Amino acid sequence: MKKINVVGGGIGGLAVAIRMAVKGYKVNLFESNDYVGGKMSQINMRGYRFDTGPSLFTQPHHIEELIQLCNKKPEDYFKYHKLKESCRYFFEDHTRIIGYTDSSLFAEELSKKTSIESKKVQNHLKKSAYLYNSTQSLFLEKSLHKLRTYTNLKSLIAICKLPSLDLFSSMSKRNKKRFNNPKVEQIFNRYATYNGSNPYKAPAILNLIPHLEINQGAYFPKKGMRSIANLLERLCLEMGVDIHTNSKVEQIAVDHNKVKGIHAKDKFYDSDIVICNQDVYFVYENLLNDKKIAKKIQKQERSTSAIIFYWGIKKSFEELELHNIFFSKNYKDEFHEISSNHKVPNDPTIYINITSKEQKKDAPKNCENWFVMVNTPPNKGQDWEKVIARTKNNIIRKLNRMLGVSIEHYIVCEHVLDPRTIETITGSYQGSLYGTASNNRKSAFFRHPNFSNKIQGLYFCGGSVHPGGGIPLALSSAKIVDQLIT
């Protein structure tokens, strides 16, 4: 029986471990933390429970496919439901827009609140579906670095469609031309942040992202986002994967350009194949000691990071209709500051996730848990203590101004993550949440492939390699590796 060592227990690592075990390999998975799940973790304090990492769940069929691969019934392992709305948008002029996860309802809502013709919104979402369906098989489901990818009919059709895929205009320019309405432009531009990019630089092909949330739908796991990681861990164990937590991998052993295994906790684990779910920069910098490739990766533009405040709130704000809030003002100026000057703006765009009705057990009675996030540049030596203090002050002032409350009086506990701690906890280089940014039309090809061209038996999955970050793409990367390993 061939042996496989998986380095890193994030979502991609867990998924690829399941797939390899299903194929009959002997699989060991190594995770430096005392838990698996990577960014998809949780925080508990003073009766409040917080999901960390991803807050939006789309394309549940990826999870169901893994369950079915293990000859299990999805309904016995994973329960979730579709959300009627994924978020609400609050603007300084008191406009409030509900982010329905239905294209017709959302088009009507935008028409009612912004005077944009609903047909324009529906046409935009049809274009979003076209972009996704035209690129899915080529860019999201297969390796871009294998010749055979380009020799099948679906790929040839996708290549023929390239001129119509908005590769030569920025996301922002396309949305401005299509709507010429600041609020609607802001709403659709924000989808660039779903992969840590800048809508004023990223190609308009990224307008495919709203298709997942609005056309296909947003979902919520019955036991919270962390339950996804718990489910994958359960499947790993049931399929015979040996999970080693508190086991930091120190080196990948290579002999004559072929992997031999890994070194972890002063012990050598031999294997025929090594699959890395760790940030690809650290794989080359630390595990392979290949400074040349590490330096090349280092030169690529990193995706955004974040400052995140986890607040226990001693009051329910249901009467204010707050649920997955997106506060915004001067979005273009803000993103220019973040991406160009590496500053956090004085009037930030704020993302807030608040306890849903399904999660009341995650906060004391009549209380809520708030996940408050501001996008930031990755860590490049900024004085984060000062930045965090200033950002918190700006957030509180903005919330108080817009909601007419003194929110600081209701915060009973707090936990903070910033680019430094994100890197330490999750192993993401510079704390960037999605590896390299997707700010030009060739970004997909610049991402590291899912295999090594130089070292036989070395593969890669997860958000820092093709096809990118986020739950669906991390799971897709595991599937691509599965296709590469026979």
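None of the values given here were measured: they were computed from a predicted structure. (Residues numbered from 1 in each chain as written. Predicted model: local features only at pLDDT ≥ 70, side-chain atom pairs only at ≥ 80, totals over all residues. Heavy atoms only, no water.)

What to know about the overall build of the chain
The criterion, for reference: Every helix listed is a DSSP run of H or I at least four residues long, and every strand listed is a run of E at least two residues long, numbered separately from the N terminus. Our radius of gyration is a C-alpha quantity, and the globule rule it is checked against amounts to 2.2 Å times the number of residues to the power 0.38. Exposure classes here rest on a 1.4 Å probe applied to the protein chains alone. A residue is buried below 20% of its type maximum, exposed above 50%, and partly exposed in between. In what follows, residue pairs with any heavy atoms lying within 4.5 Å of each other are defined as contacts. Residue exposure ignores everything except the shown protein chains as possible cover, and the areas themselves are Shrake-Rupley values with a 1.4 Å probe. Under the counting rule used here, the positive set is Lys and Arg, the negative set is Asp and Glu, and His together with the chain ends is not counted. Note that the charge is assigned to NZ on lysines, CZ on arginines, CG on aspartates and CD on glutamates.
When helices and strands are counted, the chain shows 17 helices and 19 strands. Its C-alpha atoms give the chain a radius of gyration of 22 Å, near enough to 23 Å, the size a compact globule of 486 residues would have. Expressed along its principal axes, the backbone C-alpha trace of the chain runs to roughly 65 × 55 × 45 Å. Taking all 486 residues of the chain together, 59% fall into the buried category. Sequence separation of at least 24 residues holds for 70% of the intrachain contacts in the chain that already meet a minimum separation of 6. Surface accessibility of the chain: about 20,800 Å² in total, with carbon and sulfur atoms responsible for 49%. Within the chain, the 47 negative side-chain charges are centred at a point lying 5 Å from the centre of the 71 positive side-chain charges.

Describing the sheet that holds strand β10 (residues 249-254)
In any sheet, the strands associate via hydrogen bonds between backbone groups, in a parallel or an antiparallel arrangement. Note the following rule: When DSSP locates at least two bridges between a pair of strands, those strands are taken to pair. Axis definition: a line fitted to C-alpha atoms, limited for helices to the stretch in contact. Angles are taken between N-to-C directions and run from 0 to 180 degrees.
The sheet built from three strands is open, its strands ordered β10-β11-β12 with antiparallel pairing. On the outer flanks of this sheet lie β10 and β12 (267-270), each paired with one strand and no other. This sheet shows a mean twist of 25 degrees between the axes of neighbouring strands, independent of strand direction. Taken together, the five bridges between β10 and strand β11 (residues 259-264) define a ladder with antiparallel strand orientation. Bridging from a neighbouring strand, valine 254 pairs with valine 259 of β11.

Concerning the layout of surface pockets
Where we set the bar: The distinction between a cavity and a pocket rests on a 1 Å grid over the protein atoms alone: a 1.4 Å probe fits inside a cavity but cannot get out, while a pocket stays open yet meets protein on both sides within 12 Å along at least five of seven lines, and a residue with an atom within 4 Å of a point counts as lining. Grid points are joined across faces, edges and corners, and a volume is the space filled by probe spheres set on the points. Residues are grouped as follows: Ala, Val, Leu, Ile, Met, Phe, Trp, Tyr, Cys and Pro are nonpolar; Asp, Glu, Lys and Arg are charged; every other residue, Gly included, is polar.
Estimates place the volume of the second largest pocket at around 540 Å³. Around the second largest pocket sit 23 residues that line it, and Tyr284, Ile293, Lys296, His448 and Pro449 are the ones nearest its centre. Of all the secondary structure elements, the ones that give two or more residues to the lining of the second largest pocket are α11 (280-287), α12 (291-298) and α16 (443-446). The element contributing the most residues to the lining of the second largest pocket is α12, with four residues. When its residues are assigned to classes, the lining of the second largest pocket shows 10 nonpolar, six polar and seven charged.

Concerning the state of the cysteines
Quick reminder of the rule: Throughout, disulfides are identified as pairs of cysteine sulfur atoms within 2.5 Å of each other.
Taken as a whole and judged by the stated rule, the model has zero disulfides. Cysteine 276 takes part in no disulfide bond, and the closest cysteine sulfur, belonging to cysteine 461, lies 8.5 Å away. With a relative accessible area of 0%, cysteine 276 lands in the buried category. Cysteine cysteine 367 is unpaired, with the sulfur of cysteine 413 as its nearest cysteine sulfur at 9.3 Å. Among the residues examined, cysteine 367 registers a relative accessible area of 12% and is labelled buried.

Observations concerning unusual backbone geometry
With an omega dihedral of 5 degrees, the bond running from histidine 466 to proline 467 counts as a cis peptide bond. On the secondary structure map, proline 467 appears in the loop between β19 (458-460) and α17 (471-484). Positive phi, normally seen in glycine, also occurs at aspartate 166, with a value near 60 degrees. Looking at the secondary structure, you find aspartate 166 in the loop between α6 (153-160) and α7 (171-179). Look at aspartate 166 and you get buried, because its relative accessible area is 10%.

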